[in-house]
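In case you want the letters, here they are:
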Amino acid sequence: MGAKVARDNRRTRLLNAAREVFSQKGFHAATVDDITKAAGVARGTFYLYFAEKPAIFYELMQSFFELVTDAGLAISQDVDTKEAYFIRVQEGARRLAHLFRDNRDLVRLAYRESMGMDERLERMVRNFYRRLAEVEAQNIRLGVSLGLLRDDLDPMLVAYAHVGMMERVFLQWQFDRSFPPVSDLEIQLVQLAYFGLKKQ
């Protein structure tokens, strides 16, 4: 048991160090030596957990993608009333805003460092967007079934529109200090994304 805890601890230290090093130097300039030095472990320890430098980068990106997807999944869980639906939608927007705020380094890595890096990462990104749209489409379908949202629009089309809108706004908020505070963003995004779809 103690050995497993030690292994898990070393792996976590490597991931945290990689996140810090990639954020400071960028993926291409960072080296395995930089990561192991920041983690306080020997170079050989790195290769016990990761085959190469890109592997640890992939894991960081995947963990961020899962956090974002989980925020979408939480919207429709145990919701069976109109009131609960909009409360959960607002909570989802708040959770996403906080994810972008609290993980600025991962956001920058995902959107600045990963573009065009290699086929595997591009496939991860495509799968992420498709999965996120599928989750949001399910949320839209729930809103339709509750009699809240229009039923004449394709849920996947609406989902991709929502994903694109939220992503663009949160990215701009990351780098533009004149943007409204998080609480205002949440309210306005929910109103824009869902109230325009309300069933008349």
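Our subject in this report is the structure included herewith.

Scoring rules and cut-offs
Residues numbered from 1 in each chain as written. Predicted model: local features only at pLDDT ≥ 70, side-chain atom pairs only at ≥ 80, totals over all residues. Heavy atoms only, no water. Phe/Tyr/Trp six-rings, centres within 6.5 Å; stacked < 30°, edge-to-face > 60°. Buried < 20%, exposed > 50% of the residue type's maximum accessible area, 1.4 Å probe, protein only. Helix = DSSP H or I, 4+ residues; strand = E, 2+ residues; numbered from the N terminus. Salt bridge = Lys/Arg side-chain N within 4 Å of Asp/Glu carboxyl O.

## Some points on the packing of aromatic side chains
Right, so step 1: Counted according to the given criterion, the structure contains 11 aromatic pairs.
Right, so step 2: On the basis of an interplanar angle of 40° and a centroid distance of 5.6 Å, the ring pair of Phe-46 and Phe-50 is categorised as tilted.
Right, so step 3: For Phe-46, a relative accessible area of 0% corresponds to the buried category.
Right, so step 4: The class for Phe-50 is buried, based on a relative accessible area of 3%.
Right, so step 5: Note on Phe-65 and Phe-128: the rings are 4.3 Å apart at their centroids and 15° apart in plane angle, and the pair reads as stacked. Linking Phe-65 in helix 4 (residues 53-73) with Phe-128 in helix 7 (residues 119-145), this pair joins segments that are 63 residues apart in sequence.

## Remarks on the pattern of salt bridges
Right, so step 1: Under the criterion given, the structure shown has 9 salt bridges.
Right, so step 2: A salt bridge links Arg-123 to Glu-119; the shortest N-O distance between them is 3.8 Å. Pair noted here: Arg-123 and Glu-119 are both in helix 7, with a separation of 4 residues, about one helical turn.
Right, so step 3: Across the pair Glu-119 and Arg-126 runs a salt bridge whose closest N-O atoms are separated by 3.1 Å.
Right, so step 4: Residue classification places Glu-119 among the partly exposed residues on the basis of a relative accessible area of 44%.
Right, so step 5: Salt bridges sharing partners connect three or more residues here, namely Glu-119, Arg-123 and Arg-126.

By themselves these figures say nothing about function.
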